[in-house]
Amino acid sequence: MSGVRNIVILTGAGISAESGIDTFRDAGGLWEQHRVEDVATPEGFARDPNLVLNFYDMRRAALNTVVPNRAHEALARLERAFGGELLIVTQNVDDLHERAGASQVLHMHGELKSALCTSCGMRSAWDAPMIDRPPCPVCRAPTLRPDVVWFGEMPYQMDRIYAALRRADLCVSIGTSGAVYPAAGFVRDARELGVRTLELNLERSEGSHWFHESRQGRAGELVPAWVE
Ligand code: BV8
């Protein structure tokens, strides 16, 4: 990566697929098992909170049965070895980037291992079920929800993401279908800023035509090969 000083890496569910975490839109994925409207919107949570709390309790518990894969490990190696600025913007709510050793990770759609209190608005590290309505660690009210960004909600730290894109000279998208905005628009934002763009994905995505270069393959092979 000669001459590259600032890298923004966007990751999606495809980077965690080889760790055994279901993606959303692949065959048998999460959205085939549940309607988005029922489990990933504020309206769905208001309509049937137990369905939503169970959906996220199950996914949070599953995290303790999976481990980072070669793609997560390669990005953590890159972060340690790279002399410039590197930010991993992940759409994923799992903790596999961090468990692989990455530290500059921005969860724009929140995290399974975090709780948001709808009474006091505070976020707390969390690794237990919510179905029994445990008390908020801060205000003690029994009003915790998953600290994830649902459809119709504003993703986290958008200003920081756009500031990083403005400084970047390379933007790499790994394992995302390019179906969900505003993340799916980052490649266009990057191109308008004159940033070089690379896609590493199992198959061509909805946004592949926007990338300067698009490579197809499994993240467990493509990402270590790109990092080395
Ligand atoms: C918002 C929750 C505004 C946590 C998720 C235009 C502009 C702005 C917004 C919109 C717009 N048009 C529509 C919208 C609204 C909406 C949206 O984008 N809808 C889509 C469906 C059209 N966006 C929103 O609502 C966003 N909020 O815009 O707010 C606003 C403004 C002001 C004030 C308030 C609000 C919020 C979106 C976040 C929704 N939450 N998740 C959770 O449950 O996890 S989205 C969900 O899908 C995931 O979080 C993920 O981020 C996202 C995308 O999925 P991917 O990660 O790409 O996964 P997917 O399964 O789709 O694809 C996997 C890919 O991996 C595939 O390409 C596959 O080929 C590849 N793959 C598989 N295996 C491998 C692999 N690749 C490599 N190796 C492998 N082994």
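This is a predicted model, so every value here is computed, not measured.

## Quick word on the domain arrangement of the protein chain
Right, so step 1: Along its sequence, the protein chain is carved into domain 1 (1–20 + 68–109 + 154–228) and domain 2 (22–65 + 111–148).
Right, so step 2: Of note, the centres of domain 1 and domain 2, computed from C-alpha atoms alone, are 25 Å apart.
Right, so step 3: Facing the 16 residues of domain 1 at the interface are 14 residues of domain 2.
Right, so step 4: Summing the contributions of domain 1 and of domain 2, the shared interface buries around 1100 Å²; its carbon and sulfur component is 56%.
Right, so step 5: On inspection of domain 1 and its partner domain 2, the count reaches one salt bridge.

## Section: the site of the ligand
Right, so step 1: Around the ligand sit 35 residues, and of these Phe24, Arg25, Gly152, Thr176 and Ser177 come closest.
Right, so step 2: One nitrogen or oxygen atom from the side chain of glutamate 18 is found 2.8 Å from a nitrogen atom belonging to the ligand.
Right, so step 3: At a separation of 2.7 Å, an oxygen atom of the ligand approaches a polar backbone atom of glycine 152.
Right, so step 4: Here the ligand loses 77% of its free accessible area of 1500 Å² to cover by the protein chains.
Right, so step 5: For the shell around the ligand, the two domains that each supply at least three residues are domain 1 (1–20 + 68–109 + 154–228) and domain 2 (22–65 + 111–148).

## So, the nonpolar core
Right, so step 1: Ranked by internal contacts, the top residues of the largest apolar core, which has 25 residues, are Ile9, Leu75, Val172, Ile174, Val223 and Trp226.
Right, so step 2: Of all the secondary-structure elements, those providing two or more residues to this core are strand E1 (6–11), helix H5 (70–81), strand E2 (85–90), strand E7 (170–174), strand E8 (196–201) and helix H9 (219–227).
Right, so step 3: Beyond its immediate chain neighbours, meaning those up to four positions away, isoleucine 9 contacts Leu75, Leu78, Leu86, Leu87, Ile88, Val89, Val172, Ile174 and Trp226.
Right, so step 4: Core analysis: the second largest hydrophobic core is formed by 23 residues, Leu30, Phe55, Val93 and Ala115 among them.

## As for the packing of H5 against H9
Right, so step 1: One way to put it is that H5 packs onto H9 with a least axis distance of 7 Å and a crossing angle of 20°. The angle between the axes of H5 and H9 places the two elements in the roughly parallel class. Considering how the two elements wind past one another, H5 and H9 form a crossing that is left-handed. Where H5 abuts H9, its residues Arg70, Ala71, Ala74, Leu75, Arg77 and Leu78 lie against Ala219, Gly220, Glu221, Val223, Pro224, Trp226 and Val227.
Right, so step 2: Looking at side-chain class alone, the contact of H5 with H9 contains nine nonpolar, one polar and three charged residues.

## Here we look at the pairing of E7
Sheet faces and side chains relate simply in a regular strand, where the side chains alternate between the two faces.
Right, so step 1: Buried residues dominate E7, accounting for five of its five residues.
Right, so step 2: By the alternation rule, side chains of E7 split into Leu170, Val172 and Ile174 and Cys171 and Ser173, which are all buried.
Right, so step 3: Pairing geometry for E1 and E7, over five bridges, is parallel. Looking at E7, one finds that threonine 11 is bridged to isoleucine 174.
Right, so step 4: Here E7 runs beside E8; their pairing, made up of five bridges, is parallel. If you follow valine 172 over to E8, its bridge partner there is leucine 198.

## Regarding helix H7 (residues 158–167)
Right, so step 1: All of the buried residues along H7 are Met158, Ile161, Ala163, Ala164 and Leu165.
Right, so step 2: In this structure, the buried residues of H7 make contact with E1, E2, strand E3 (105–107), E7 and helix H8 (186–192).

## What to know about the pairing of E8
Right, so step 1: With five of six residues buried, E8 is to be regarded as a mostly interior element.
Right, so step 2: Since E7 and E8 lie parallel, the crossover through H8 that links them has a hand, and here it is right-handed.
Right, so step 3: As defined by bridge partners, E8 adjoins strand E9 (residues 213–216) across four bridges and the pair is classed as parallel. Across the sheet, leucine 200 pairs through a bridge with arginine 215, a residue of E9.

Definitions and cut-offs
- Residues numbered from 1 in each chain as written.
- Predicted model: local features only at pLDDT ≥ 70, side-chain atom pairs only at ≥ 80, totals over all residues.
- Heavy atoms only, no water.
- Domains from an automatic or database assignment.
- Contact = heavy atoms within 4.5 Å.
- Buried area = accessible area lost by both parts, 1.4 Å probe.
- Salt bridge = Lys/Arg side-chain N within 4 Å of Asp/Glu carboxyl O.
- Near = heavy atom within 4 Å.
- Polar contact = N/O pair within 3.5 Å; in protein donor to acceptor, adjacent residues only side chain to side chain.
- Areas by Shrake-Rupley, 256 points an atom, 1.4 Å probe, with all protein chains shown as cover.
- Core = buried A, V, L, I, M, F, W, Y, C linked by side-chain atoms within 4.5 Å.
- Buried < 20%, exposed > 50% of the residue type's maximum accessible area, 1.4 Å probe, protein only.
- Helix = DSSP H or I, 4+ residues; strand = E, 2+ residues; numbered from the N terminus.
- Axes fitted to C-alpha atoms, helices over the stretch in contact; angles between N-to-C directions.
- Parallel < 35°, antiparallel > 145°, perpendicular 65-115°, else oblique.
- Left-handed = near helix turned anticlockwise from the far one by under 90°.
- Nonpolar A, V, L, I, M, F, W, Y, C, P; charged D, E, K, R; others polar.
- Pairing = 2+ DSSP bridges.
- Right-handed = clockwise from strand over helix to strand, strands pointing away.

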